[in-house]
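Given next are the chains, with one letter for each unit.
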Amino acid sequence: MVLKEGNVLYVRADHKVGYEEVTEQDAMDSMQYLQSIAKERYLAAGVFGNIETDEIDGAMVLFEAKDLAEAQAISDKDPVFRKGCY
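Note that the structure is predicted; figures quoted are calculated from it, not measured.

A.B. asks: Please clarify how the overall build of the protein should be interpreted in this entry.
C.D. replies: Looking only at helices and strands, the protein features three helices and three strands. Counting helices and strands in the order they occur from the N terminus, the protein gives β-α-β-β-α-α. Here the protein has a C-alpha radius of gyration of 13 Å; the compact-globule value for 86 residues is 12 Å, and the two agree. Structurally, the protein occupies a C-alpha span of about 40 × 25 × 20 Å along its principal axes. Looking at the protein as a whole, 27% of its 86 residues are labelled buried. A distance of 8 Å separates the average location of the 9 positive side-chain charges in the protein from that of its 17 negative side-chain charges.

A.B. asks: Looking at this structure, how should I read the pattern of salt bridges?
C.D. replies: Pairs can form between side chains of opposite charge whenever their charged atoms are close. Taken as a whole and judged by the stated rule, the model has five salt bridges. With a shortest N-O distance of 2.8 Å, R12 and D14 are connected by a salt bridge. Look at D14 and you get buried, because its relative accessible area is 6%. A salt bridge links E70 to R41; the shortest N-O distance between them is 3.5 Å. With E70 in helix α2 (residues 68–76) and R41 in the loop between α1 (24–38) and β2 (43–50), the pair connects residues that are 29 residues apart, well separated along the chain. Judged by relative accessible area, R41 falls into the buried class, the value being 9%. Taken together, the shared-partner salt bridges in this structure form one network comprising R12, D14 and D78.

A.B. asks: Mind showing me how you'd approach the packing of aromatic side chains here?
C.D. replies: For any pair of aromatic rings, the description consists of the separation of the ring centres together with the inter-plane angle of the planes. By the definition in use, this model includes one aromatic pair. Relative to F63, the ring of Y10 has its centre 6.5 Å away and its plane inclined at 35 degrees; by these criteria the two rings are tilted. Here Y10, found in strand β1 (residues 8–15), pairs with F63, found in strand β3 (residues 55–65); they are 53 residues apart in sequence, far enough to count as distant. Note on F63: relative accessible area 3%, which makes it buried.

A.B. asks: Just checking my understanding: could you explain α1 for this structure?
C.D. replies: Residues that lie three or four places apart on an α-helix share one face, since the helix turns once every 3.6 residues. Along its 15 residues, α1 runs 21 Å from first to last C-alpha, staying within 8% of the 21 Å computed at 1.5 Å per residue. What α1 keeps buried is the set D26, S30, Y33, L34 and I37. Buried residues of α1, seen end-on, are gathered within an arc of 95 degrees and therefore sit on one face of the element.

A.B. asks: What's the story with a nonpolar patch on the surface in this structure? I'm lost.
C.D. replies: On the surface, V11, F48 and M60 cluster together into a nonpolar patch covering about 290 Å² of accessible area. One can find M60 in strand β3.

The rules behind these values
- Residue positions are counted from 1 within each chain, in the order its sequence is given.
- In keeping with the predicted nature of the model, local features appear solely for residues at pLDDT of at least 70, side-chain atom pairs appear and are counted solely at 80 or more, and the whole-chain, interface and lining totals rest on all residues.
- Where side-chain values are given, they derive from all heavy atoms of the structure, hydrogens and water being excluded.
- Elements are defined by DSSP. Helices are runs of H or I of four residues or more, strands are runs of E of two residues or more, and each kind is numbered from the N terminus.
- Radius of gyration: over C-alpha atoms. The globule rule applied is 2.2 Å multiplied by the number of residues raised to the 0.38 power.
- Three labels apply to residues, based on accessible area from a 1.4 Å probe with only protein chains included: buried if under 20% of the type maximum, exposed if over 50%, partly exposed otherwise in between.
- Residues scored as charged are limited to Lys and Arg (positive) and Asp and Glu (negative), so that His and the chain ends carry no count.
- In this description, the location of a charge corresponds to atom NZ of lysine, CZ of arginine, CG of aspartate or CD of glutamate.
- Each reported salt bridge corresponds to a side-chain nitrogen of Lys or Arg within 4 Å of a carboxyl oxygen of Asp or Glu.
- Two aromatic rings from Phe, Tyr or Trp, using only the six-membered ring of Trp, form a pair when their centres are within 6.5 Å; if the ring planes differ by under 30 degrees the pair is stacked, by over 60 it is edge-to-face, and anything between is tilted.
- The length a helix should cover is 1.5 Å for every residue beyond the first.
- The directions from the helix axis to the C-beta atoms are what the arc is built from.
- To count toward a patch, a residue needs a relative accessible area above 30% and no salt bridge. Like charges then connect within 9 Å, nonpolar side chains (Val, Leu, Ile, Met, Phe, Trp, Tyr) within 5 Å.
- The protein chains shown are the only cover counted for residues, whose accessible areas, like all others here, come from Shrake-Rupley with a 1.4 Å probe.

Here you go:
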């Protein structure tokens, strides 16, 4: 996918905060949200941790937005952020 003219790439580095458990459903909800965003703009994402042991400490998401306000709005709508896990 080619960046839209005038847009830039933003990096979101997620680190787990607090003690709120991230459930498998939370992870699936976040993945579905990010997949929907990827249909409209450039997006790449991955997790930090050990998938084999389910010890995930965070993630990094690289995505396209027109400005910082739009980037913040995209991040704020992610289900794991809305739940307060990251």
